[in-house]
Number of protein chains: 2
Amino acid sequence: VLVTAGAQQAFDILARSLVRPGETVVAIEDPGYPPMRVAFAAAGARLVPVPVDQEGLIVEQLPSDAGVICLCPSHQFPLGASMTMARRRALLEFAHRHGAVVIEDDYDGEFRYDGNPLEALHAADRHDLVFYVGTFSKSMLPALRLGFVVAPAWALPAMIAVKNCLDWHCPSWVQAGVAEFIAAGHLTRHVRRMRNVYRGRRQFLMKALTQNFGRWLSPIPSSYGMHLAAIAKPGVDCDLLAQALARRNIRIHSLRRFYFGQPIENGLIFGYGAADQQQLEQGLVALHDELGSL
Amino acid sequence: VLVTAGAQQAFDILARSLVRPGETVVAIEDPGYPPMRVAFAAAGARLVPVPVDQEGLIVEQLPSDAGVICLCPSHQFPLGASMTMARRRALLEFAHRHGAVVIEDDYDGEFRYDGNPLEALHAADRHDLVFYVGTFSKSMLPALRLGFVVAPAWALPAMIAVKNCLDWHCPSWVQAGVAEFIAAGHLTRHVRRMRNVYRGRRQFLMKALTQNFGRWLSPIPSSYGMHLAAIAKPGVDCDLLAQALARRNIRIHSLRRFYFGQPIENGLIFGYGAADQQQLEQGLVALHDELGSL
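Residues numbered from 1 in each chain as written. Chains lettered and ligands numbered in written order. Predicted model: local features only at pLDDT ≥ 70, side-chain atom pairs only at ≥ 80, totals over all residues. Heavy atoms only, no water.

Enquirer: Please clarify how the interface of chain B and chain A should be interpreted in this entry.
Expert: Facing 26 residues of chain B, the contacting portion of chain A comprises 26 residues. Here chain B is connected to chain A by 2 salt bridges. One salt bridge connects R16(A) with D12(B), and the closest N-O pair in it is separated by 3.0 Å. Taken together, chain B and chain A are joined by 11 residue pairs in polar contact (both at pLDDT 80 or more). Those elements that place two or more of their residues in the side of chain B that touches chain A are α1 (6-18), α2 (34-42), α5 (156-167) and α6 (172-183) of chain B. (Contact = heavy atoms within 4.5 Å. Salt bridge = Lys/Arg side-chain N within 4 Å of Asp/Glu carboxyl O. Polar contact = N/O pair within 3.5 Å; in protein donor to acceptor, adjacent residues only side chain to side chain. Helix = DSSP H or I, 4+ residues; strand = E, 2+ residues; numbered from the N terminus.)

Enquirer: What is the right way to read unusual backbone geometry from this model?
Expert: For residues other than glycine, phi is negative in most cases, and the peptide bonds are mostly trans. All names here are of chain A. The amide bond that connects D30 to the next residue, P31, takes the cis arrangement and shows omega of 0 degrees. Note that P31 resides in the loop between β2 (25-30) and α2 (34-42). Look at D128: it is not a glycine, yet its phi comes out positive at around 55 degrees. The backbone of N249 shows a phi angle near 65 degrees, a positive value even though the residue is not glycine. With respect to the secondary-structure elements, N249 resides in the loop between α8 (238-247) and β11 (253-254). A residue is classified by how much of its surface remains accessible, and N249, at 72% relative accessible area, is exposed. (Buried < 20%, exposed > 50% of the residue type's maximum accessible area, 1.4 Å probe, protein only.)

Enquirer: Help me understand the packing of helix α8 (residues 238-247) of chain B against helix α9 (residues 277-292) of chain B, please; the structure alone is not making it clear to me.
Expert: Each pair of packed helices can be described by the angle between their axes along with the distance between the axes. Residue and element names in this part refer to chain B. Running from N to C, α8 and α9 cross one another at 130 degrees; their axes reach a closest spacing of 10 Å. On the basis of the axis angle, α8 is oblique to α9. By crossing handedness, the relation of α8 to α9 is classed as right-handed. In contact with L241, A244 and L245 of α8, α9 contributes A286, L287, E290 and L291. (Axes fitted to C-alpha atoms, helices over the stretch in contact; angles between N-to-C directions. Parallel < 35°, antiparallel > 145°, perpendicular 65-115°, else oblique. Left-handed = near helix turned anticlockwise from the far one by under 90°.)

Enquirer: What should I look at first to understand the pattern of salt bridges in this one?
Expert: When the charged atoms of two side chains lie near each other, side chains of opposite charge can form a pair. Counting across every chain of the model gives 18 salt bridges over all chains. One network of salt bridges, in which partners are shared, links D12(A), R16(A), D12(B) and R16(B).

Enquirer: Whenever I open this one, α8(B) confuses me. Can you help?
Expert: Note on helix geometry: an α-helix contains 3.6 residues per turn, so any two residues three or four positions apart are oriented the same way. Residue and element names in this part refer to chain B. For α8, the set of buried residues is C238, L241, A242, A244 and L245. Buried residues in α8, looked at end-on, bunch into an arc of 160 degrees, giving them a common side. Residues of α8 that are exposed and point over 90 degrees away from its buried face: L240 and R247. Residues of α8 that are buried in the fold lie against β10 (227-232), β11 (253-254), β12 (267-271) and α9. Sitting at the head of α8, D237 places a side-chain oxygen 3.1 Å from the backbone nitrogen of D239. A positive backbone phi angle near 65 degrees is found at N249, which sits one or two residues after α8. (Arc of directions from axis to C-beta.)

Enquirer: What should I look at first to understand a nonpolar patch on the surface in this one?
Expert: Together, L141(A), W173(A), L141(B) and W173(B) line one region of the surface with nonpolar side chains, adding up to about 370 Å² of accessible area. Of note, W173(B) is situated in helix α6. For W173(B), a relative accessible area of 40% gives the class partly exposed. (Patch = residues over 30% accessible without salt bridge, like charges linked within 9 Å, V, L, I, M, F, W, Y side chains within 5 Å. Areas by Shrake-Rupley, 256 points an atom, 1.4 Å probe, with all protein chains shown as cover.)

The structure is reproduced here in structure tokens:
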């Protein structure tokens, strides 16, 4: 395990360890998480977007020369799918056959609402090719700047050399404090408690979207996390909507900004990690207003 | 000002902001601080070592195509010279004439023993070409992982983009805590107190080296910091000495390891930041032993 300054530094270290500038093909989910793409682009990767559907990354559409495959199998960002078992097997088989490595970004895997978290892709890896990236930004708080990579042993020496070049190590007593917080069982208790909080917000949001926004939006079912995606009906301009809401001090993301290639779907991403039920309600009232005046 | 995870991340951010891989010539002091070179090498810089003497970096030996010039003007690492005013003026004039930028690494500028700290090179910069790198690793503690760059305004947007790609920001409440520590005057008091502690250790070490090691070593006078360099007389193999002392659990560095090009001088670097007078004494007894049995 290598401790990193959040998932972002994990991506940067992996990019600098695994990418040969101008050569290595890095397959990324599209839509996906833009800051992860930035780290790989900065390292000189040739980024190839791969579409996702309700079963996760479409493995058959991976480029055969992919050297690195980045994905969020537990809870695809931002659409929300959990990758099916069949797809997971196909992905690991593809990577093994093509000599590729897999970066599993499990940014919010602690927050599953339908039973226990799914087993990580990393756990099914028989060929030492999966890098599992975890973070305390969601399970604790982003200001900690603490995450980690569970890496194959063959890759650790290069990753440690990169980490030393970057900043030597993360602040020692932040690491010690989080270790103690985990060892004493506080993190488990905190996650259990917050899972109920987030589940309540999610149910509230899902119900409101289904009951009052059906003319404009179709929420995508998912069982994880702190955000919900909803696909917009034709004629709803989500970029304009997000701008109009920003003027009312309500932050909502248009789905289009998460695409690397040409946007396919049009929609909105609702975050409920930092907004409580009352704030969600205020946001939905404003959104209803704006949609009504389209 | 950009807050960084120690001076090391400042070097990495500067390297990634300022270096065009395979093209940019980066002039470095030789001997110098190896981890700084690593950050620039990783960014694809063409490193050119430049010798130093008792007046600091020898400006006349800078390569005319230097794009970036890295140096420690307050207290050259590891030899200990403070750069003279004439050399400072010549350096800034050279950089301005050749379109180069200067990275001023002021890793221990707070600890001057002969009067107040020298004015930073940055303060004499009339052309927005000096990047001043400071750190709390020496004035407070390395485990903090906190440093900073005072950068020309033109360079900050690129540096902030790099920092975002690396890890977004340093832990928020570590920054807030250090800010409060400074604002309340604790850092000034701490530095003042530690300056006396380090001065005492330094005088003890200097006296012992002069009185008892004159047959083998000539300490280099300097007025800053937490280490002393001593040049070895011919026939003293400092690499072997350092190894022999390591077997006695005493860490001392051979000067040769700080060279990028062919080592010119042979000597030892004595650190007294983490070793108190008693530990220094034990180390010197062991060193005397080893030197006597050469």
